[in-house]
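Listed below, chain by chain, are the residues.
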Amino acid sequence: MESTDNLKQKKSFSQIWERFGTLAILILLVIFIALFSADKSKFLTTSNIINILYQSSDKIIIGLGEFFAILIAGIDLSVGSILALTGILAGKLMNAGMPVMLAVFLGCIVGGAVMGAINGLLVNFTGVHPFIITLGTNWIFRGLIMIISDARAVSGFPPEFKAIINYRIFGQIPMAIIIALLLALILWFVTTRTKLGRNIYAFGGNREAAWFSGINIKFYTLIVFIISGVCAGIAGMVITAKTGAAEPLAASGYETFAIAAAIIGGTSFFGGKGRVWNVVIGGLVIGLINNGLNMMRVDTFYQQVVMGALIISAVSLDTFVMRQKK
Amino acid sequence: MTKLIEVQHITKEFPGVTALDDISFDLNEGEVHVLVGENGAGKSTLMKILSGVYTPTGGNIIIDGNSYSHLNPTLSQELGISIIYQELSVINELSIAENLFIGRLPTKQVVGVPVVDWKFINGKAAEMLKMVGLKKNPSTVVEELSISEKQLVEIAKALVMETRILIMDEPTSSLTPEEIQRLFKIIRNLRSKGVGIIYISHKLDEINQIGDRVTVLKDGGLVGSKKLSEVQSKEEIVVMMVGRELKDKYFSTRQSSEDREDEIIFEARNISTPDQKVKDVSFKLHKHEILGFAGLMGAGRTELMNAIFGAGKKESGSIYLNGEEVQINDTYDAVKKGLALLTENRRETGFFHNFEIFKNVSAVENLKHSKLKGATGLINTNSEKQMAEQQKEALAIKCTSIFQNITELSGGNQQKVIIGKWLCANAEVILFDEPTRGIDVGSKSEIYKIMRQLVDDGKGVIMVSSELPELLSVCDRILVFRKGEISARLTSAEATEEKIILAAT
Ligand SMILES: Nc1ncnc2c1ncn2[C@@H]1O[C@H](COP(=O)(O)OP(=O)(O)OP(=O)(O)O)[C@@H](O)[C@H]1O
Ligand SMILES: [Mg+2]
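It should be emphasised that the depicted structure is a prediction, and the values quoted were computed from it without experimental measurement. Residue numbers here run from 1 along each chain, matching the order of that chain's written sequence. To label them, take the chains in the order written and letter them from A, then take the ligands in the order written and number them from 1. Reporting in this predicted model follows two pLDDT cut-offs: at least 70 for local features of residues, and 80 or more for side-chain atom pairs to be given and counted; totals over whole chains, interfaces and linings ignore these cut-offs and use all residues. Just so you know, side-chain values use all the structure's heavy atoms and leave hydrogens and water out.

## Points about the coordination of the magnesium ion (ligand 2)
Residues and elements named next belong to chain B.
Reasoning step 1: Binding of the magnesium ion (ligand 2) to the protein goes through Ser44 (OG) and Gln86 (OE1), at separations of 2.0 to 2.1 Å. Of the two residues, serine 44 is situated in helix H1 (residues 43-50) and glutamine 86 in the loop between strand S6 (81-84) and helix H3 (96-100); the sequence distance between them amounts to 42 residues.
Reasoning step 2: Here serine 44 falls in the buried class, since its relative accessible area comes to 17%. Metal sites are built from N, O and S donor atoms within 2.8 Å, or 3.2 Å for Na, K and Ca, and they leave out water, so they may look incomplete. In DSSP terms, a helix is any run of H or I states spanning at least four residues, a strand is any run of E spanning at least two, and both are numbered starting from the N terminus. The classification of residues rests on relative accessible area computed with a 1.4 Å probe and restricted to protein chains. Under 20% of the type maximum is buried, over 50% is exposed, and intermediate values are partly exposed.

Here it is, written out as structure tokens:
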């Protein structure tokens, strides 16, 4: 009898970890950084917390898009280039005199959707794994950036643009954070309450069974890459407004952050498993590591090393805990 | 007689269920020990304890005088135990030869360096394939094989290594009678060499042909063991399994012929597939009719079903539902138009291993009432749960709750969940490809009853099966397939096993 109770506990523990493991990692990290930050009084202040959220917002946004690509056992390596290209597009449109909202909508949202659709269509048409396709389109989009921008940053936007994204609600919370949370809320709803979301999970779990159950794989592949592209476009809008310029080299290597956010958030590379809120926390972990390393006064050269090591540790811890299941 | 293995008082607990409760079991040298029981009785769990996959909660395993509290896969293999799992474990991306030697590729020394000995592997693989009767090149990628061919590969894989104890968990579930007889020859040969074999099956007719002793499990408990020489009839085993007598014929087939022009619910005209596995096939299905498809492995029945359902490519041909031609370009169209296809391979094309029971059950119904390839609309969790509870009840699915993950169910219960999924789809015409694979005797007749109920309610049912007795007792009309063509059309009155076999070969 005793052994039954044991098993029950073990099982519920692994279930709890699946749900809250990412949160546990975040808390561990907060404690770690709080202990080792050079100026302890500064780390856990409201302004620094808001600052962390602000810095994390773009990572959360692209992480959410990446989450969908990984959910169908794929990947999107082009999010960084889509981010940069949509920023440039929106910037060019604004500077050409288009109203700010329209320019952002066309450049970032529509632009991101089109680039995502290109990824999805190529995957469907060629049957090649998304890794290869998006590796290729990543270069193509980066090339387009150079052609369109002539390798120069686009800046001098109408002031409303910066004002909107950097507007602080209650004088405290920047819009970027609200955008990230709102997006997460919408995508959480999509994944848990809509048939669209359910079918994506089914596809990710067993592609063949999905096809034989009436789920059109190609259609959902296209949708998923459009979602990823739109998320990258929204991140492009946020980053462009934050920095006040659309840089051709913006977000180089951001696909790593996006993938890391999704994976730290417990999304399975085999597809079909993961939760939106855990990806949000995954994005926060990335932002927190960035911020914490500054707080601990780690030399910027070493920051990358530590960042890589921390990502590996976070994911290994998760794998280790989940393996204790049997 | 030497005991190869003895299991004493084994108990295995899973959260919420006792899968095995104080089971003792043994296997002698040169013996075929048959293990039977209803779906979820604990047969596979006991075998997974012997192959070292599961750790028992209590009890001992005695092999060669040594007592073990549990085994692990490596140890189990070293002790000479080989297993054919119920759910095929072949790897689709690898070749047949690679699958046979996976994890133990033999090497030879080339200038002092060990390299994989492909010549030996391919030679040995060809030999094994000949033995199990699979006419394929060892370098064929497993992905291209049908499920019965995969099952033969799985069997060959267990035979590559010299083993003393061979466990076969439903090895014949996907095999046709001819292949089963070949397997029995192999088993008899091994038995004469002193190998002990544990044989699990739901096909009770096989038991008398091959078994020496039978042990019955029920709900994780041991019902009893008997020498098969002392068993009078199949019914005696059924009573031990089910706890009551089962009447074999719950159903009566109807007379029906193709000439009947009334109430044609479904018609396929001149269907061909690009790979020529189906050649210009035409047939009609009447309302209130169960139509059976018979044929040998590779006769093109599965390919025909897939082509009709929009899951496989169709080169030519047209499909009519209730007299009107319908365009089916993908499986979504098929579902929307009122078709259902229960596939023959539950693990690969049937269930979603990341979903609970209730999400598996509602997967198709969700699509049915939405637009844009099923992407519109919200999930109604209450109706999903209701549907799942209903199917759990109707099909007697053994589970702790509908929120249990489907991978935690026994094979037969997984099959029932998928049947439930298609019943919820509320289709007009239902294509069942080997619906009773892995299903126990009692539940089988429940499923036949459900099929009869469906056609009584005005639907059409097509059943593909490699079990002739099943086809003969359930179907109103039988079409026999040979090499992608229909070679005979028999009414239930005309049809006999002999006629079907004659037309199929
Ligand atoms: N991994 C698991 N987690 C929880 N429960 C399990 C697990 N594996 C098996 N069970 C439960 O143990 C019981 C016995 O299952 P088992 O697979 O041994 O049945 P079986 O006799 O092989 O049935 P079938 O004829 O359907 O294959 C079932 O109730 C099943 O739900
Ligand atoms: Mg089993």
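## A few points about the domain arrangement of chain B
Residues and elements named next belong to chain B.
Reasoning step 1: Each assigned domain of chain B is listed here: domain 1 (3-242), domain 2 (258-338 + 428-505) and domain 3 (343-426).
Reasoning step 2: Segmentation into domains, and thus their bounds, comes from an automatic or database assignment. Averaged C-alpha coordinates put domain 1 and domain 2 at centres separated by 33 Å.
Reasoning step 3: Any two residues having at least one pair of non-hydrogen atoms within 4.5 Å are treated as being in contact. Listed by partner, the interface residues are 21 residues for domain 1 and 11 residues for domain 2.
Reasoning step 4: Summing the contributions of domain 1 and of domain 2, the shared interface buries around 1300 Å²; its carbon and sulfur component is 56%.
Reasoning step 5: Buried area is calculated as the accessible area (1.4 Å probe) missing from two parts once they are joined, with the contributions of both summed. For domain 1, the biggest contributors to the area lost against domain 2 are Asn39, Thr176 and His202; these three give 31% of the whole.
Reasoning step 6: Only one rule defines a salt bridge in this text: a Lys or Arg side-chain nitrogen within 4 Å of an Asp or Glu carboxyl oxygen. For the pair domain 1 and domain 2, the interface holds zero salt bridges.
Reasoning step 7: Of all the secondary-structure elements, those providing two or more residues to the side of domain 1 that touches domain 2 are helix H5 (147-160), helix H6 (177-192) and helix H8 (234-242).
Reasoning step 8: The element that contributes the greatest number of residues to the side of domain 1 that touches domain 2 is H5, accounting for four residues.

## Focus on the environment of B:Gln386
Residues and elements named next belong to chain B.
Reasoning step 1: By the secondary structure assignment, glutamine 386 is in helix H13 (residues 381-395).
Reasoning step 2: Overall, the relative accessible area of 56% leaves glutamine 386 in the exposed class.
Reasoning step 3: Measuring from C-alpha to C-alpha, the distance between glutamine 386 and phenylalanine 358 comes to 8.8 Å, with 28 residues separating the pair along the chain.

## Some points on the site of ligand 1
Residues and elements named next belong to chain B.
Reasoning step 1: A molecule or strand has a residue near it when one of that residue's heavy atoms lies within 4 Å. In the vicinity of ligand 1 there are 20 residues, among which Lys43, Ser44, Thr45, Ser410 and Gly412 approach most closely.
Reasoning step 2: Separating an oxygen atom of ligand 1 from a backbone N or O atom of glycine 42 is a distance of 2.9 Å.
Reasoning step 3: Polar contacts, as used here, are pairs of N or O atoms within 3.5 Å; protein pairs need one atom able to donate a hydrogen and one able to accept it. Residues neighboring in sequence count only if both atoms are side-chain atoms. With respect to ligand 1, the backbone of glutamate 408 contributes an N or O atom lying 3.1 Å from an oxygen atom.
Reasoning step 4: Of all the elements, H1 adds the most residues to the shell around ligand 1, at three residues.
Reasoning step 5: The residue makeup of the shell around ligand 1, split by class, is five nonpolar, 10 polar and five charged.
Reasoning step 6: Here the shell around ligand 1 spans two domains, since at least three of its residues come from each of domain 1 (3-242) and domain 3 (343-426). Here the nonpolar group is Ala, Val, Leu, Ile, Met, Phe, Trp, Tyr, Cys and Pro; Asp, Glu, Lys and Arg are the charged ones; every other residue, Gly included, is treated as polar.

## Things to note about the environment of B:Ile198
Residues and elements named next belong to chain B.
Reasoning step 1: Tracing the backbone shows isoleucine 198 in strand S10 (residues 196-200).
Reasoning step 2: The buried category is assigned to isoleucine 198, whose relative accessible area is 0%.
Reasoning step 3: Isoleucine 198 sits 31 residues away from isoleucine 167 along the chain, and the two C-alpha atoms are 4.7 Å apart.
Reasoning step 4: Sequence-distant contacts of isoleucine 198, defined by excluding residues within four places in its chain, comprise Phe25, Leu27, His33, Leu35, Met47, Leu50, Leu166, Ile167 and Met168.

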